Amino acid sequence: CSSDLFISKSGDCLVYSGTNPGDSSNWSLVGEYKIGRPLGRKGVVQADADVIIITDRGYESLGAVLSAGDSLQFQNLLSQKIQNTVLDRIAYAGRTDKWSVVTFPLEQMQIINVPRVGTDVEQHVRNINTGAWCRFKISGAQCWGRFGDGIYIGLDDGKVYQFANGAVT
């Protein structure tokens, strides 16, 4: 048996369970939840048993939403500790596919690429073990991706670089 998650642009989350969507006796809706409106198609990542989503409310954990239902409070957001900064960046950048999130288990971090705010480039980085936040300022970072155990960055110059030990190589 498997579960599938569907997220609409308006923030409606539907969770289905079963093995055959074509067979109503083997496929059913198990939950409906409400999150903020997702800000871009690259702003969702599976992180172990959780799903992290960048929304117009901040950085949300689907696990927290599922346990709290539709009444997830701002203090329960992953981004709660940096919420003022996050909401400022969301207000400036809005919905765009320049938002992205990637999990880097070897370095125990999640990296959220924030769209360019004026001339500033930044990434919000969360330690996946402690929940502590820091900020990177990797100039020209347009997108991030994971391949195998590595994390790669697409920069303004059109080239892809590997990110390792806090450096771009």
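Here, every reference points to the structure presented above.
Rules of the game
- Residues numbered from 1 in each chain as written.
- Predicted model: local features only at pLDDT ≥ 70, side-chain atom pairs only at ≥ 80, totals over all residues.
- Heavy atoms only, no water.
- Helix = DSSP H or I, 4+ residues; strand = E, 2+ residues; numbered from the N terminus.
- Buried < 20%, exposed > 50% of the residue type's maximum accessible area, 1.4 Å probe, protein only.
- Pairing = 2+ DSSP bridges.
- Axes fitted to C-alpha atoms, helices over the stretch in contact; angles between N-to-C directions.
- Polar contact = N/O pair within 3.5 Å; in protein donor to acceptor, adjacent residues only side chain to side chain.
- Contact = heavy atoms within 4.5 Å.
- Arc of directions from axis to C-beta.
- Core = buried A, V, L, I, M, F, W, Y, C linked by side-chain atoms within 4.5 Å.

## A closer look at the overall build of the protein
- Per the secondary structure count, the protein includes two helices and 14 strands.
- Put simply, the protein has 169 residues, and 43% of those count as buried.

## Section: the sheet that holds strand β5 (residues 50-55)
- With antiparallel pairing, three strands are arranged side by side in an open sheet as β4-β5-β6. Where the open sheet ends on each side, the last strands, each with one partner, are β4 (44-47) and β6 (58-61). Each strand axis lies, on average, 20° off the axis of its neighbour in the sheet, ignoring direction.
- With four bridges joining them, β4 and β5 adopt antiparallel strand pairing. Bridge pairing links Val-45 to Ile-52 in β5.

## Focus on the side chain of Gln-123
- Structurally, Gln-123 can be placed in strand β9 (residues 120-127).
- In this structure the side chain of Gln-123 is engaged in a polar contact, spanning 3.2 Å, whose partner is the side chain of Asn-113.
- If we skip the residues at most four places from it in the chain, Gln-123 touches Ile-111, Ile-112, Asn-113, Cys-134, Arg-135, Phe-136, Lys-137, Ile-138, Ala-141 and Trp-144.

## Overview of helix α2 (residues 83-93)
- Looking at α2, one finds that the buried residues are Gln-83, Val-86, Arg-89 and Ile-90. Taken around the axis of α2, the buried residues stretch over an arc of 130°, which confines them to a single face. Away from its buried face by more than 90 degrees, α2 exposes Asn-84, Ala-91 and Tyr-92.
- Immediately beyond the C-terminal end of α2, within one or two residues, lies Gly-94, with a positive phi of roughly 65°.

## A look at the nonpolar core
- Ile-54, Tyr-59, Trp-99 and Ile-112 are the most contacted members of the largest nonpolar core, which totals 15 residues.
- Elements represented by at least two residues in this core include exactly β4, β5, α2 and β8 (109-117).
- Membership of the second largest hydrophobic core comes to 14 residues, among which are Met-109, Val-121, Phe-136 and Trp-144.

## Quick word on the pairing of β9
- The buried fraction of β9 is high, at six of eight residues.
- Pairing of β9 with strand β10 (residues 133-136) involves four bridges; the strand directions are antiparallel. Its bridge partner lying in β10, Val-125 is registered against Cys-134.
- Hairpin remark: β9 followed by β10, antiparallel, with five residues in the connecting loop; positive phi at Gly-131, about 80°.

## Observations regarding the environment of Gln-108
- You can see Gln-108 is positioned in the loop between β7 (100-104) and β8.
- In this structure the C-alpha to C-alpha distance between Gln-108 and Thr-130, which are 22 residues apart in sequence, comes to 9.3 Å.

Read these as layout, nothing more, since geometry by itself doesn't imply function.
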